[in-house]
Amino acid sequence: MDLILLGAPGAGKGTQGALLTETLGAPKIATGDMLRDAVRQGTPLGLQAKAVMDAGQLVSDDIVLGLVRERLSRPDAAAGAIFDGYPRNVAQAASLDLLLAELGRGIDAVVYLDVHDDAIVERMSGRRTDPETGTVYHVVHNPAPAEIAGRCVQRADDAEATVRERLEVYRRSTAPLVEHYRQAGVPVHTLDGGRPIGEVQADLRAALGR
Ligand code: AP5
């Protein structure tokens, strides 16, 4: 199954996608994670992407397409993938359609996680990531175990001003994709992403019939 998780920054795409990988037998392809890896490794691509990400803007479509193409060619993505943070605009959606068509596949479903702006800001300020495993926690809603909490870090782009910019970019470029996929006849499941993590996951599985 090829599934897209859509939603504002902090809507819970990464959290829900990570919980779903085993059930669907498909990896999570998260362009944000791939770009942060490149930044950490200091690759030319990472150096190029860093300033754009720190400003809360979108990295160029070509760079992201190259990353997704390479990731989709790996064996674990042969039967499907969970796309988290990709596509981000209509041009990326068109590229993804072409990429999947080359593999004889297409998007099976889109899940839109609907979360109020106030909750988004609160989630971003409390988000912490384990740099060793990439697991995402929240200081209140999903605290890291005591032995891990000390090494968890805050994302550079979770500063309040950058979060506001990311929300603007989301509204302008990414939110229209919900209607884009509806018009294309792809099943779009809208879920209340403001509920607790386990409840959202249960809704998600029910929507997908898993
Ligand atoms: P990216 O990493 O994709 O960030 P994002 O879309 O802004 O989404 P987030 O990762 O911030 O949030 P999420 O929805 O995954 O929420 P999470 O599960 O972590 O992109 C970052 C940057 O990279 C972009 O700004 C851009 O520059 C670049 N980029 C990436 N992809 C790109 C692309 N395709 N094209 C161009 N540029 C691209 O949850 C957030 C917090 O809330 C966590 O602490 C979590 O524990 C908590 N939480 C989750 N669910 C719940 C819940 N139900 N209740 C309470 N707390 C919850």
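- You'll find the protein chain entered in an unreviewed UniProt entry as Adenylate kinase, with Longimicrobium terrae given as the organism.
- Taken verbatim from the UniProt record of the protein chain, the Catalytic activity (unreviewed entry) comment is "AMP + ATP = 2 ADP".
- The protein chain has a UniProt comment under Subunit (unreviewed entry) that states "Monomer."

Brief notes about the UniProt feature "binding site: ATP" (unreviewed entry) in the protein chain
Here is step 1: UniProt annotation of "binding site: ATP" (unreviewed entry) refers to Gly10, Ala11, Gly12, Lys13, Gly14, Thr15, Arg127, Val136, Tyr137 and Arg195 when read in the numbering used here.
Here is step 2: Relative to the assigned elements, Ala11 resides in the loop between strand E1 (2-7) and helix H1 (13-24).
Here is step 3: Tracing the backbone through its elements, the reader meets Thr15 in helix H1.
Here is step 4: For Thr15, a relative accessible area of 24% puts it in the partly exposed group.

Quick word on the site of the ligand
Here is step 1: Taken together, 35 residues lie around the ligand, and Thr15, Gln57, Arg127, Arg166 and Arg195 are the ones closest in.
Here is step 2: The separation between an oxygen atom of the ligand and a polar side-chain atom of Arg166 is 2.6 Å.
Here is step 3: Within the complex, the protein chains bury 97% of what would otherwise be the 1000 Å² of accessible surface of the ligand.
Here is step 4: Of all the secondary structure elements, the ones that give two or more residues to the shell around the ligand are H1, helix H2 (31-41), helix H6 (117-126) and strand E6 (136-138).
Here is step 5: Per-element tally for the shell around the ligand: the top contributor is H2, with 4 residues.
Here is step 6: Classifying every residue of the shell around the ligand by side-chain character gives 14 nonpolar, 12 polar and 9 charged.

Parameters and conventions
Residues numbered from 1 in each chain as written. Predicted model: local features only at pLDDT ≥ 70, side-chain atom pairs only at ≥ 80, totals over all residues. Heavy atoms only, no water. UniProt positions renumbered as here; feature names shortened; annotations may be inferred. Helix = DSSP H or I, 4+ residues; strand = E, 2+ residues; numbered from the N terminus. Buried < 20%, exposed > 50% of the residue type's maximum accessible area, 1.4 Å probe, protein only. Near = heavy atom within 4 Å. Polar contact = N/O pair within 3.5 Å; in protein donor to acceptor, adjacent residues only side chain to side chain. Areas by Shrake-Rupley, 256 points an atom, 1.4 Å probe, with all protein chains shown as cover. Nonpolar A, V, L, I, M, F, W, Y, C, P; charged D, E, K, R; others polar.

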